[in-house]
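Survey of secondary and tertiary structure
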Amino acid sequence: SQQGEEDPQALSIQEGENATMNCSYKTSINNLQWYRQNSGRGLVHLILIRSNEREKHSGRLRVTLDTSKKSSSLLITASRAADTASYFCATDDWGAQKLVFGQGTRLTINP
Amino acid sequence: EPEVTQTPSHQVTQMGQEVILRCVPISNHLYFYWYRQILGQKVEFLVSFYNNEISEKSEIFDDQFSVERPDGSNFTLKIRSTKLEDSAMYFCASSVQGKNTEAFFGQGTRLTVV
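Parameters at a glance
Residues numbered from 1 in each chain as written. Chains lettered and ligands numbered in written order. Predicted model: local features only at pLDDT ≥ 70, side-chain atom pairs only at ≥ 80, totals over all residues. Heavy atoms only, no water. Contact = heavy atoms within 4.5 Å. Buried area = accessible area lost by both parts, 1.4 Å probe. Salt bridge = Lys/Arg side-chain N within 4 Å of Asp/Glu carboxyl O. Polar contact = N/O pair within 3.5 Å; in protein donor to acceptor, adjacent residues only side chain to side chain. Helix = DSSP H or I, 4+ residues; strand = E, 2+ residues; numbered from the N terminus. Nonpolar A, V, L, I, M, F, W, Y, C, P; charged D, E, K, R; others polar.

What follows deals with the interface of chain A and chain B. Every contact between the two is made by 24 residues of chain A and, on the other side, 25 residues of chain B. Between chain A and chain B lies a buried interface of about 2,000 Å² when both sides are counted; carbon and sulfur atoms form 49% of it. In terms of surface lost to chain B, no three residues of chain A exceed Leu43, Gln97 and Phe101 of chain A, which account for 32% of the buried area on that side. Here chain A is connected to chain B by zero salt bridges. The interface formed by chain A and chain B includes seven residue pairs in polar contact (both at pLDDT 80 or more). Breaking the side of chain A that touches chain B down by element, the ones donating at least two residues are strand E4 (29–37), strand E5 (43–50) and strand E10 (99–101) of chain A. Among the elements that take part in the side of chain A that touches chain B, E4 of chain A stands out by supplying five residues, more than any other. Here the side of chain A that touches chain B is composed, by residue class, of seven nonpolar, 13 polar and four charged.

In structure tokens:
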């Protein structure tokens, strides 16, 4: 798989349930970032987790990072209709000043 | 809250024409970027810019592309002679530092080449 691949590609759940999205990557990284994109709109930064961190929280978001498995997960708890969007992980190639994005997970929250 | 702003939000241009996409990064940020997203595909890095010069560019960023910071606030992407395949959403981003800091993105410019 390519750098920053998300899994699943699409996820549909009921409002109030938790949503978990996964991301795998291949190279060494300084950090991994998660972004949200509403349809046809810009990328909204959600959270950054550094390579020496294992878990990070922000409101209803919980991100984990396992550098040994080169994977990360984004958990959204108590989902809301407004969480409907595409979610992307992005990694920085070690030493590079750029982000490499995955294909994203399209999350749909059903009322 | 400070944000990256991009203009125009949508531009339609004839194939072969030059276009300039404009961005105003967050004021205390030092690193600036352009990315693009072809419809239905992943976001792709084009170029990074620091201290008035390109610090990194991708294979996509060929001689048809150029970037400029003409004054203290604007950051522009110029495509000299547009092709149909340049149709995409173009995102500007900025960050305080080049590494290990959040990159904040604008709302994007949807470029349609006809």
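The rest of the description comes next.
Residues and elements named next belong to chain B. Relative to the assigned elements, valine 12 resides in strand E2 (residues 10–13). Taking C-alpha positions, valine 12 is 9.1 Å from serine 87, a pair spaced 75 residues apart along the chain. Look past the residues within four positions of valine 12 in its chain and what remains in contact with it is Thr112 and Val114.

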